[in-house]
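# Coordinates in review
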Amino acid sequence: MVAVAVSLLGVRRLCRVLLFLSQFYILSGGESTDIPPYVMKCPSNGLCSRLPADCVECKTNFSCVYGKPVTFDCTVKPSVTCVDQDFKSQKNFVINMTCRFCWQLPETDYECSNSTSCMTVSCPRQRYTANCTVRDHIHCLGNRTFPKMLYCNWTGGYKWSTALALSITLGGFGADRFYLGQWREGLGKLFSFGGLGIWTLIDVLLIGVGYVGPADGSLYI
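Thresholds, definitions, all that
Residues numbered from 1 in each chain as written. Predicted model: local features only at pLDDT ≥ 70, side-chain atom pairs only at ≥ 80, totals over all residues. Heavy atoms only, no water. Disulfide = S-S within 2.5 Å. Helix = DSSP H or I, 4+ residues; strand = E, 2+ residues; numbered from the N terminus. Buried < 20%, exposed > 50% of the residue type's maximum accessible area, 1.4 Å probe, protein only. Core = buried A, V, L, I, M, F, W, Y, C linked by side-chain atoms within 4.5 Å. Contact = heavy atoms within 4.5 Å. UniProt positions renumbered as here; feature names shortened; annotations may be inferred. Phe/Tyr/Trp six-rings, centres within 6.5 Å; stacked < 30°, edge-to-face > 60°.

### Describing the state of the cysteines
- Evaluated as defined, the whole model comprises six disulfides.
- A sulfur-sulfur separation of 1.9 Å characterises the disulfide bridge that pairs Cys42 with Cys55. Residues Cys42 and Cys55 are joined through a disulfide that is left-handed, its torsion about the S-S bond being -105 degrees. Here Cys42 is found in the loop between α1 (2–27) and β1 (46–47), whereas its partner Cys55 is found in the loop between β1 and β2 (56–59), with 13 residues between them in sequence. Here the two residues Cys42 and Cys55 agree in accessibility, since each one is buried.

Have a look at this one:
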């Protein structure tokens, strides 16, 4: 019995050593287990014609007529599986799209980075350079990531209704200016009793028409 127990213990240790060696072999590059990053975006066994653009490679023709329907031959990338309308495995297929470059797409078809360092309330209205990326399910010509000049359009969470209510009720104490982050103007109104009422009335009008906004340059919500 003792000999059997010793032999079983030896077998367990040997198995652990072999398992450790196999894992070390894989991690050291002896066996490649890398999965292409685009595979995470590709639904398994879905329709090939509905795969995201990152999952396929298409033979595009840049000489097509802008705005006209066009058909391109496409092939799924390695490690991607998809089917046709009859649920049969497929590698080559065609897609129907509109002939246009990615930067010519409507705004609903791509996402752009936001800037919080530009003034939304200014004259003329400021712009910033945004990096835009086409949505996965949209097909287009050219680079799917592109720069674009956009108007400053971000908010810091300030409400126009709250600012106007404070201007009407507590504007004589500078509450509206304090709320908008304009503490210097707020102190001026506080110690001048709202400019003897004149400043208060002017601020009600300016906030009401949206001329006076948050100090950080953001838009009202």
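From this point on, the discussion continues.
### What about the nonpolar core?
- Core analysis: the largest hydrophobic core is formed by 19 residues, its most contacted members being Leu51, Val76, Val80 and Phe93.
- Counting residues per element, the ones that place at least two in this core are β3 (69–76) and β5 (92–98).
- Ranked by the residues each element gives to this core, the list is headed by β3, at four residues.
- Excluding anything up to four places from it in sequence, Val80 contacts Tyr38, Cys42, Leu51, Cys55 and Lys91.

### Quick notes on the UniProt feature "transmembrane region" (unreviewed entry) in the protein chain
- Under the UniProt annotation, the feature "transmembrane region" (unreviewed entry) is placed at residues 190–212.
- For residues 190–212, the helix share is 74%, the strand share is 0%, and the end-to-end C-alpha distance is 18 Å.

### A closer look at the packing of aromatic side chains
- Within this structure, the stated rule accounts for three aromatic pairs.
- Judged by centre distance (5.4 Å) and plane angle (75 degrees), the rings of Tyr110 and Phe146 are edge-to-face. On the criterion of sequence distance, the pair formed by Tyr110 in strand β6 (residues 110–112) and Phe146 in strand β8 (residues 145–151) is long-range, its members being 36 residues apart. Neither Tyr110 nor Phe146 differs from the other in exposure class; each is buried.

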